[in-house]
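# Residue-level structure breakdown
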Amino acid sequence: MAVENPFKSILKTLEKPGGGGEFGKYYSLPALNDPRIDRLPYSVRILLESAIRNCDEFQVKSNDVEKIIDWENTSPRQVEIPFKPARVLLQDFTGVPAVVDLACMRDAMNKLGGDSNKINPLVPVDLVIDHSVQVDVARSENAVQANMELEFQRNKERFGFLKWGSNAFNNMLVVPPGSGIVHQVNLEYLGRVVLNTNGVLYPDSVVGTDSHTTMIDGLGVAGWGVGGIEAEAAMLGQPMSMVLPGVVGFKLLGKLRDGVTATDLVLTVTQMLRKHGVVGKFVEFYGEGMSELSLADRATIANMSPEYGATMGFFPVDHVTLQYLKLTGRSDETVSMIESYLRANKMFVDYSEPQVERVYSSYLELNLEDVEPCVSGPKRPHDRVSLKEMKVDWHACLNNKVGFKGFAVPKESQNKVVEFTFHGTPAHLRHGDVVIAAITSCTNTSNPSVMLGAALVAKKACELGLQVKPWIKTSLAPGSGVVTKYLQRSGLQKYLNQLGFHIVGYGCTTCIGNSGDIDESVASAITENDIVAAAVLSGNRNFEGRVHPLTRANYLASPPLVVAYALAGTVDIDFDTEPIGIGKDGAKIFFKDIWPSTEEIANVVQSSVLPDMFRDTYNAITKGNPMWNNLSVPSGTLYAWDPTSTYIHEPPYFKDMSMSSPGSHGVKDAYCLLNFGDSITTDHISPAGSIHKDSPAARYLIERGVDRRDFNSYGSRRGNDEVMARGTFANIRLVNKFLNGEVGPKTIHIPSGEKLSVFDAATKYKSEGHDMIILAGAEYGSGSSRDWAAKGPMLLGVKAVIAKSFERIHRSNLVGMGIIPLCFKPGEDADTLGLTGHERYTIDLPSNVNEIRPGQDVTVVTDSGKTFVSTLRFDTEVELAYFNHGGILQYVIRNLINAKH
């Protein structure tokens, strides 16, 4: 049972400066008089304050507080702590299934005789609709309106459902489509930095159902991505169980050289941290280089935490943060309260004062002067290529065998030129030619210096008479309306338009694969001639098959570089020695002729980015837009499910649920559904992009009278479990060892030897009464924090995944859905153990969950006589409780019904 907070004696009053009353009460860390606190990293102090404020000796215990204070000694031991974030952030791809689950939980509570109104967010929940807009129309003045109309036509049902949710649930703000990208809106508007609830002040912290939630770490707010399943539990007041992380101290020195961008810096940091190994850790930035980094630059670095593998990339609050809060239109009173609270609680960094040495688990340092212009690709965000080596690297990729850095194009066809006609104009394509150039993604569109930098490149190029080839699909999708305001004020938007970079919408677009179709003539030229075409985008992910099915090479680059590569028309170029194009007087134009200096950019930023722009944009945001405001939605606290809907469907998770938990279980004589190598991403497991016309999901939709052009994407249909189960492992680039080199979403049904789609094979196993497991290599489930990558396999009937290693969020999602995660012992995997995947697998676990220990050894027995020992990756006692209940949501429902208080 919960008791009164044992730390109430350190609840102090925070006076306003100059004696004008008080801001409120706060739990004072200095009042604990514990010298260990002064040595703690700032990011850990946020965990400490949360544990103290929420301590009730039930969900959070005094012992947990002591573990965090003693971080220096406890963090190497992987101890578990509870964490209650201040708020939850959703976007619509992950938000729709979360609201579906909440609606379904209300029904389950009702059936079991509980109070369905207990299913209500207890902390503020902000949902930004940004994942649904596609680049159907580009290179047109009318693109924003045209794309938004199509977005509403396709998603009317989903949007109506979210609008119902915003009325049916307390504490839920829905930011309508066309407003911006969730992380940029969070940075510029939603981020509180310090909250005041019922007179108690405390640091802002947030978990989000999008892995790039970490962007807010740049504002000194602790935030990271979690699976939708965990986020739902956090909304309902469950503490998140986490391992107290190690913290890598990353020291920054010096300043960036002229012409080097924040994007070049983040790609460098990503590569360094990937190499260092930071999975499951916090990274905290410090050092004199911090004063040279604008807040937008910090946010860019924090944004890519998932790409370097860290839970957070944290920048403590300092004067730069306060300036940014004022720039973005936060009131003086709010900023004063934030500064006073953080100073009083030793969470503010003042670089004008001597710094107390903080302790970190390990250390890295980077002199900003060493960063050079670069891109990352062609298939992974941490494969950085310096700009001067790009041409050589590209040719190596053409030669190399198929892999992360290889396309295995035969020597004799590397220089082939494909002629075709584009709307009556003769056109040509070669390997490495750019067919998509997109300024996209919160990583960069929240950063005025790179956005205005891109616009200056466009201006110089236009003045010199350069153009972009008409068959390249160019687009600009800002993360908030503020970008449009400052591009217009600077007078530079017209040059971007001249090169085809018209604004296409306010949302994620190309970065998440919503790049829309490329022209049919271009698509045919690529597919019929097996051309390795390129996309260049200012996004944060470039995994194969993600950006567009036909661009096999995808490079991440700063917005100004996106414009430069669009002008060059190819990635097969050495910018130092080869011209980008021919100008109006026949002169050769080089990269250096169109590249702006850092000072030029800073001057435009200074004169064009103003606080009123932020205030006006965000005052308008909650008023919605005509299309949103005209959506009519049902009222009522229980959702009226429509059985004919192909978007919103009542999921089966709680169908036969009773009040008693099903208990622990092993796996008996299971078949292997899929046999994978390394780096299987959540994009492979549960694609977000287009629904292939020959897939099981397409079959399901056609049977229900949905026309092919109305299929929409998997991401937009995450409110329908029938579509999503069929879309599980439906990625066209899936590599399954059973298929001996053939690529695609198929597998072998072992008893019959038939080659079937993964969904059909799983359905067949289930109808025969067989359990299934999956074998995998390292980094299984890397990429987006996609709960459907765990829900889908569970619905297919997968009982366990045995991998070399798991990505953090994906492992906890598997646990949340009741799937058993197991790791091979170091140095072992399916190949070294001689497993082909054709065996049958038995995993014995005690039926009493109290006999299982987190991280214990488990023996796996096969029918071929081979047995091996693996590590059980239930990492905490709480995770074992979820498993015992059949999943986290079942655990929450039974707990809420049983709660006496």
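What comes next concerns the included structure. Since we're looking at a predicted model, the values are computed, not measured.

Moving on, we get to the packing of helix α9 (residues 262-276) against helix α10 (residues 295-303). Packing of α9 against α10 brings their axes to within 9 Å, and their N-to-C directions diverge by 35°. For the element pair α9 and α10, the recorded crossing hand is right-handed. Touching Ala262, Leu265, Val266 and Val269 of α9 are Asp297, Thr300 and Ile301, all from α10. Broken down by class, the residue content of the contact of α9 with α10 amounts to five nonpolar, one polar and one charged.

With that settled, the discussion passes to the nonpolar core. When a protein is soluble and globular, its nonpolar side chains tend to lie buried together. Formed by 307 residues in total, the largest nonpolar core has its most connected members in Trp224 and Tyr780. When residues of this core are assigned to their parent elements, the largest contribution, ten residues, is made by helix α5 (residues 92-111). When sequence neighbours within four positions are dropped, the list of residues in contact with Tyr780 reads Phe676, Ile680, Ile685, Phe729, Ile774, Val801, Ala803, Ser805, Phe806, Glu807 and His810.

Another point: the pairing of strand β29 (residues 772-775). Neither face of β29 is open: one carries Met772 and Ile774, the other Ile773 and Leu775, and all of them are buried. Pairing between strand β26 (residues 667-675) and β29: four bridges, direction parallel. If you follow Leu674 over to β29, its bridge partner there is Ile774. Relative to strand β30 (residues 798-803), β29 runs parallel, the two being bridged by four bridges. Bridge assignment links Leu775 to a residue of β30, and that residue is Ile802.

The next subject is the environment of Leu896. Turning to its location among the elements, Leu896 is positioned in helix α32 (residues 888-898). Judged by relative accessible area, Leu896 falls into the buried class, the value being 15%.

A separate point is the sheet that holds strand β7 (residues 194-197). If you trace the four strands from one edge of the open sheet to the other, you get β1-β2-β8-β7, paired in mixed fashion. The open sheet has two free edges, formed respectively by β1 (11-15) and β7, since each of these has just one partner strand. Going across the sheet, the axis of each strand differs from the next one's by a mean of 40°, ignoring polarity. For strand β2 (residues 22-27) and strand β8 (residues 200-203), the ladder comprises two bridges, and the chain directions are parallel. Bridge pairing in β8 links Tyr26 to Leu201. Relative to β8, helix α2 (residues 42-53) is tilted by about 145°, and along the sheet it contacts β2 and β8.

Here is what the cut-offs are and how they apply
- Residues numbered from 1 in each chain as written.
- Predicted model: local features only at pLDDT ≥ 70, side-chain atom pairs only at ≥ 80, totals over all residues.
- Heavy atoms only, no water.
- Axes fitted to C-alpha atoms, helices over the stretch in contact; angles between N-to-C directions.
- Helix = DSSP H or I, 4+ residues; strand = E, 2+ residues; numbered from the N terminus.
- Left-handed = near helix turned anticlockwise from the far one by under 90°.
- Contact = heavy atoms within 4.5 Å.
- Nonpolar A, V, L, I, M, F, W, Y, C, P; charged D, E, K, R; others polar.
- Core = buried A, V, L, I, M, F, W, Y, C linked by side-chain atoms within 4.5 Å.
- Buried < 20%, exposed > 50% of the residue type's maximum accessible area, 1.4 Å probe, protein only.
- Pairing = 2+ DSSP bridges.

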